[in-house]
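# Structure at a glance
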Amino acid sequence: MDGTSRETRVNAAFVAVADTLATNCDIVDLLHTLVQECVGILGMQAGGLMLVDNTGELQLMTSTSEAAGFVEGMQLNVSAGPCIDCFRTGTAVSVKEISESAPWPAFRASASQQGFRSVLATPMKLRGRIIGTMNLFGTHAGEVSARDAAVAQALAISSAVLGTESSAMGPQPAVLLSSWLLRSPAAEFAPLSSRDCRDHHPHDSHAGSVRRAHSSSSQRVDIMKAACFHGRHDIRIDDIPEPQLRPGAVTIDIAWCGICGTDLHEYLEGPIFIPAADHPHPLTHEEVPVTMGHEFSGTVSALGDGVTGLAIGDSVVVEPYFVCNECAPCLAGHYNLCTKMGFIGLAGGGGGLSEKIVVDRRWVHPVGDIPLDQAALIEPLAVGHHAFVRSGAKEGDIAFVGGGGPIGLLLAAVLAAEGITVIMSEPGAARRDMALSAGVAHHVIDPLAENPVARVLELTDGAGADVAFECSSINAVLDQLFDAVKPAGVIVNVSIWSSPAKVDMQKLVLKEIDLRGTIGYVNDHPATIALVQEGKINLEPFITGRIALDRLVEDGFETLIHHKETAVKIIVRPHGE
Ligand SMILES: [Zn+2]
Ligand SMILES: [Zn+2]
């Protein structure tokens, strides 16, 4: 902004502020006008203003938008953020890219969610005392120039003086003041009268503690518990702001959330899918810390504008994707292959290991009367369903499943429900027993006691399996699939490999084997949910533990790491004990 236009705008701002005073003498109206004028002068999009009350606690006085009010209230609730730092230190805080504002994770998350990218927090001082902060938010990245910041600070200071010292300030002195300020933008100046109103004016007091829960007259921001990934071996149960409902989305009160092998990998070796510090996800713009959990069920508690086909109280599950809707795979309908694909609960957007989440309607699937604990297993079951779809297997076929971990077992459940005979190889006795007792495998093989290939050939009269699935990420198991599958058979790799596998291409060539990948799910949820609703799959046997969120690491992650023989799926209840 050049000097002339700034001077014009600042003069206009003072006239507006003084007019507000002259017409109704309301301090909140005065402050609101001040913030609005400063938002306009500095080319920002919204603003808020906090003042200390007579007990010395910071209060939100006004905001120019609901979004700004939310971000201000959130900072008061968690006692952290640039506006709080500004108040505590008495110096302006300017953040040119909020997504990189590492010191305040809760602020970063809520401000980004509200669409803000930059913020300028300016202290309001009265006779050397810090009485509050004026905070301006931009939807663009970039720093406010030092001179513009100084103008904002001068306006804030002078308005504090106007508000406390005068009840009928006309425009003339205000214009004089502004001219003076432009010559010496960052300076404080003496009050217009020497009257000391410190003892009786409610807004004139020392900066004190920051209130955690502010008054009901301002927008309230509630706090919830969430399991946040801060780094390898560092998952914490944090208090974070509840997510805010937005148009086209629904709020879900989370009932249960499963712990996934992917979560364990993040805990032990991460961040892998979780965006590391300074590497925000391209769609969520979030980075560590993020809330975890992508296998969850819950109850709809609020509907955003424009949401159809759901009602409050519905039991639902979430297909936990972020996709761009623009890349070639997205446009071709293969949204699971989106070039920017991310998972809710890993890439940001909140997660199932928290009390609430807000999710776009597109990804929310009603589950009818499926019990919510079992519904938490729909997501990994959908992974199995997509692997089944990729295999092309049909009723009457014989499938060989290499590995009986959670995904191998749930894939077997889909195959059995589809009328396919399942032969499963799994070294863990408890898992073999579970596969048989749950009725998802018709034959089980202990690969440490017998030759899986010979056994499959025996069970198929020497023909080999029609389809085979790699669910162990063990190279020896992959090798067995090439020998156990029939000529012109299909092998689907379901595993995630942390290092490259070796493939015997000669076997692939000579048997014309079709080796296929599968990742996630695409349009699989409705059919997967139907299999459970129709009673073709009972998920109850696969739930081996139920724990409270507070015990996530001790009773969840550590149990799955050290007792994976007996633990299959541990589900977490984020509410209560
Ligand atoms: Zn998972
Ligand atoms: Zn895409």
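Residues numbered from 1 in each chain as written. Chains lettered and ligands numbered in written order. Predicted model: local features only at pLDDT ≥ 70, side-chain atom pairs only at ≥ 80, totals over all residues. Heavy atoms only, no water.

Turning next to the overall build of the protein. The helix and strand tally for the protein stands at 18 helices and 23 strands. Taking as baseline every contact in the protein between residues at least 6 positions apart, the subset at least 24 positions apart corresponds to 69%. If you sum the accessible surface of the protein, you get close to 22,900 Å²; carbon and sulfur atoms cover 52% of it. (Helix = DSSP H or I, 4+ residues; strand = E, 2+ residues; numbered from the N terminus. Contact = heavy atoms within 4.5 Å. Areas by Shrake-Rupley, 256 points an atom, 1.4 Å probe, with all protein chains shown as cover.)

Take the coordination of the zinc ion (ligand 2) next. Within the protein, the atoms that donate to the zinc ion (ligand 2) are Cys 324 (SG), Cys 327 (SG), Cys 330 (SG) and Cys 338 (SG), at distances of 2.3 Å. Coordination of the zinc ion (ligand 2) draws on donor residues from a single chain, spaced C-x2-C-x2-C-x7-C in sequence. Here Cys 324, found in the loop between strand 12 (321-322) and helix 9 (328-331), pairs with Cys 338, found in the loop between helix 9 and strand 13 (342-343); they are 14 residues apart in sequence, far enough to count as distant. Residue class for Cys 338 comes out buried when judged on its relative accessible area of 7%. (Donors = N, O, S within 2.8 Å, 3.2 Å for Na, K, Ca; no water. Buried < 20%, exposed > 50% of the residue type's maximum accessible area, 1.4 Å probe, protein only.)

Attention shifts here to the nonpolar core. Core analysis: the biggest nonpolar cluster contains 94 residues, and Ile 235, Ile 259, Leu 411, Leu 415, Phe 469, Ile 537 and Leu 539 have the highest contact counts within it. In terms of residue count, the dominant contributor to this core is helix 12 (residues 406-417) (eight residues). Two domains each donate at least three residues to this core, and these are domain 2 (223-377) and domain 3 (380-533). The residues contacting Leu 411, other than those within four sequence positions of it, are Gly 384, Ala 387, Phe 388, Val 401, Phe 469, Cys 471 and Val 494. Judged by nonpolar contacts, the second largest core, of 51 residues, contains Val 39, Ile 84, Ala 106 and Leu 136. (Core = buried A, V, L, I, M, F, W, Y, C linked by side-chain atoms within 4.5 Å. Domains from an automatic or database assignment.)

Bringing the environment of Tyr 521 into the picture now. Among the secondary structure elements, Tyr 521 is positioned in the loop between strand 21 (514-517) and helix 17 (525-533). Along the sequence, Tyr 521 and Glu 379 sit 142 residues apart, while their C-alpha atoms lie 8.8 Å from each other. If sequence neighbours within four positions are ignored, Tyr 521 has contacts with Glu 319, Pro 320, Tyr 321, Tyr 335, Asn 336, Phe 343, Glu 379, Ala 382, Val 383 and His 386. A distance of 2.5 Å separates the side chain of Tyr 521 from the side chain of Glu 379, its partner in a polar contact. (Polar contact = N/O pair within 3.5 Å; in protein donor to acceptor, adjacent residues only side chain to side chain.)

Of the protein atoms, only Cys 260 (SG), His 294 (NE2) and Glu 295 (OE) coordinate the zinc ion (ligand 1), at distances of 2.1 to 2.7 Å. Sequence spacing of the donor residues for the zinc ion (ligand 1), all on one chain, is C-x33-H-E. Taken as a pair, Cys 260 in the loop between strand 8 (249-258) and helix 8 (261-269) and His 294 in the loop between strand 9 (290-291) and strand 10 (295-303) lie far apart in primary sequence, 34 residues in all. An identical accessibility class is assigned to Cys 260 and His 294; each is buried.

Counted under the stated rule, the structure contains 19 salt bridges. One salt bridge connects Glu 295 with Lys 569, and the closest N-O pair in it is separated by 2.9 Å. Residue Glu 295 is located in strand 10, and its partner Lys 569 is located in strand 23 (residues 569-573); the two are separated by 274 residues in the primary sequence. The pair Glu 295 / Lys 569 is uniform in exposure class, with both members buried. Taken together, the salt bridges that share partners define one network made up of Asp 373, Glu 540 and Arg 546. (Salt bridge = Lys/Arg side-chain N within 4 Å of Asp/Glu carboxyl O.)

With that settled, the discussion passes to the sheet that holds strand 9. In spatial order, the strands read 7-6-9; together these three strands make up an open sheet with antiparallel pairing. Since the sheet does not close on itself, it has two edges, and those belong to strand 7 (234-241) and strand 9, each with one partner. By the bridge criterion, two bridges tie strand 6 (residues 223-231) to strand 9 in an arrangement that is antiparallel. In the sheet register, Cys 228 faces strand 9, and the bridge partner there is Thr 291. (Pairing = 2+ DSSP bridges.)

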